[in-house]
Amino acid sequence: MSTALLTIDLDAIRANWRALDALGTSQTAAVVKADAYGLDAGRVAPVLAAAGARSFFVAVAEEGAALRKVLGPDVAINVFSGHMAGDAELIGGAGLVPMLNSVDQMIRHAEALPGHPFGVQLDSGMNRLGMEPSEWAAVRDVALDQSPTLVMSHLACADEPDHPMNLQQLQAFREMTEGVTAPLCLANTGGILMGPEYHFDLTRPGIGLYGGRPFEGARAVVTLDIPVIQCRDLTPGETVGYANSFTATRPTRIATIGAGYADGIIRAMGPRSHVLADGVPCPIAGRISMDLIGVDITDLGHDPEHLQLLGPTQTVDDLADNAGTIGYEILTSLGARYARRYVGGA
Ligand SMILES: *Cc1c(COP(=O)(O)O)cnc(C)c1O
């Protein structure tokens, strides 16, 4: 096989959902936006539904409509971006629940789909989506009269449990939902880990399901094995790759492997990252190019067939640190060229 192989462990995703679910007594949903963080919502969501998830979250109505085809009628599919102009047919047809973010969205929803379920998203301080306290105060009674399925907000700093923003948002959410009998929902993965006062009725983890920080107890979900295309010997003074950024200082053996930044292997991670041959780390030599990476395999003593970039010992978060980004971006950048193998999930 000439393309790199991305293996996605559905058992690990299910185990991560169960572990997060076991941390509290509230219901646990699953966030599967952006195609389940790049891992394929069509494969991931049915496994979580079978494990007991009754409620799913996506970013936009189109994702929700696609997910409905996969999951059938028995689960709630909630849309963070709410009811956008032109979405009524998708929302109505697929039975999606928009999280209404503004008075404008409330009016649009009531006019286009009277009686159709909806949730409300409140802004508790992140200033991204949701109604602000004054806006909410103005429409709250009207909205609550129509029995929203959910009243939610989102935490800006939940991956930093000691950040004062967390308590500030918790307080703001409590104030805005005082006396509300509709189910309440605040916690993402980081929020779940901060403890039961953040859980309310429903939690909505994303990254933790897929093996990423801040869920340190997560099982690794993805491995990426890249085929060796060619090996060669360098004499001291010879260079590797664009801009001559690696120079051999000893007799050196270089393997050229078949993946690059076009596959989401962010160029900036090169100098700090390695690939593994049966667990033995081999440094990346020179620049990561579009489809190829040079690797110093001198100390390995043999030519491997594959080298592993991602796995239990070098995780998405390790690569994220090496590239100056977050695990979420590593996952959602994973390329379309990989051969994908799904294991477990039965
Ligand atoms: C993406 C997202 C989540 C999931 O967050 P994680 O940090 O991945 O657990 C939850 N809520 C909202 C509003 C989101 O946008």
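Residues numbered from 1 in each chain as written. Predicted model: local features only at pLDDT ≥ 70, side-chain atom pairs only at ≥ 80, totals over all residues. Heavy atoms only, no water.

### Section: the environment of proline 271
So, step 1. With respect to the element layout, proline 271 can be found in the loop between strand S14 (252-257) and strand S15 (274-277).
So, step 2. In this structure the C-alpha to C-alpha distance between proline 271 and alanine 12, which are 259 residues apart in sequence, comes to 30 Å. (Helix = DSSP H or I, 4+ residues; strand = E, 2+ residues; numbered from the N terminus.)

### As for the pattern of salt bridges
A side chain of one charge can pair with a side chain of the opposite charge when the charged atoms of the two come close.
So, step 1. A complete count under the given rule lists nine salt bridges for this structure.
So, step 2. Here arginine 253 ties to aspartate 233 by a salt bridge, and the two come within 3.1 Å at their closest N and O atoms. Within this pair, whereas arginine 253 is found in strand S14, its partner aspartate 233 is found in strand S11 (residues 222-234), the two being separated by 20 residues in sequence.
So, step 3. Members of the salt-bridge network, linked through shared partners, are Asp233, Arg253 and Asp303. (Salt bridge = Lys/Arg side-chain N within 4 Å of Asp/Glu carboxyl O.)

### Description of the site of the ligand
So, step 1. Not every one of the 14 residues close to the ligand is listed here, only the nearest: Lys33, Tyr37, Thr189, Ile207 and Tyr328.
So, step 2. Side-chain polar atom of arginine 128 to an oxygen atom of the ligand: 3.1 Å apart, as the coordinates give it.
So, step 3. In this structure, arginine 204 approaches the ligand through a side-chain N or O atom, which is 2.8 Å from a nitrogen atom.
So, step 4. Coverage of the ligand by the protein amounts to 95% of the 390 Å² it exposes when considered alone. (Near = heavy atom within 4 Å. Polar contact = N/O pair within 3.5 Å; in protein donor to acceptor, adjacent residues only side chain to side chain. Areas by Shrake-Rupley, 256 points an atom, 1.4 Å probe, with all protein chains shown as cover.)

### Details of the domain arrangement of the protein
So, step 1. Structurally, the protein comprises domain 1 (10-210) and domain 2 (222-343).
So, step 2. Facing ten residues of domain 1, the contacting portion of domain 2 comprises nine residues.
So, step 3. In total, about 890 Å² of surface goes out of reach between domain 1 and domain 2, with carbon and sulfur atoms giving 65% of it.
So, step 4. When the buried area of domain 1 at its contact with domain 2 is split by residue, Tyr37, Leu39 and Ile207 rank highest and sum to 50% of it.
So, step 5. Summed over the shared surface of domain 1 and domain 2, the result is zero salt bridges.
So, step 6. Here domain 1 and domain 2 share three residue pairs in polar contact (both at pLDDT 80 or more) between them.
So, step 7. Of all the elements in the fold, those that place two or more residues in the side of domain 1 that touches domain 2 are helix H1 (10-21) and helix H2 (33-37).
So, step 8. Class assignment for the residues of the side of domain 1 that touches domain 2 results in six nonpolar, one polar and three charged. (Domains from an automatic or database assignment. Contact = heavy atoms within 4.5 Å. Buried area = accessible area lost by both parts, 1.4 Å probe. Nonpolar A, V, L, I, M, F, W, Y, C, P; charged D, E, K, R; others polar.)

### Digging into the UniProt feature "modified residue: N6-(pyridoxal phosphate)lysine" (unreviewed entry) in the protein
So, step 1. Per the UniProt entry, the sites bearing "modified residue: N6-(pyridoxal phosphate)lysine" (unreviewed entry) are Lys33 in this numbering.
So, step 2. Looking at the element boundaries, lysine 33 is found in helix H2.
So, step 3. With relative accessibility at 25%, the residue lysine 33 sits in the partly exposed group.
So, step 4. Those residues in contact with lysine 33, other than ones at most four positions away along the chain, are Phe57, Val58, Ala59, Glu63 and Phe80. (UniProt positions renumbered as here; feature names shortened; annotations may be inferred. Buried < 20%, exposed > 50% of the residue type's maximum accessible area, 1.4 Å probe, protein only.)

### Overview of the UniProt feature "binding site: substrate" (unreviewed entry) in the protein
So, step 1. UniProt marks Arg128 and Met290 with the feature "binding site: substrate" (unreviewed entry), using the numbering shown here. In summary, the annotated positions, distributed over 163 residues, remain apart in three dimensions as well, the widest C-alpha pair reaching 34.0 Å.
So, step 2. For arginine 128, the position within the fold is in the loop between strand S7 (119-121) and helix H7 (133-145).
So, step 3. For arginine 128, a relative accessible area of 54% gives the class exposed.
So, step 4. The residues touching arginine 128, leaving out its near neighbours within four places in the chain, are Asp123 and His154.

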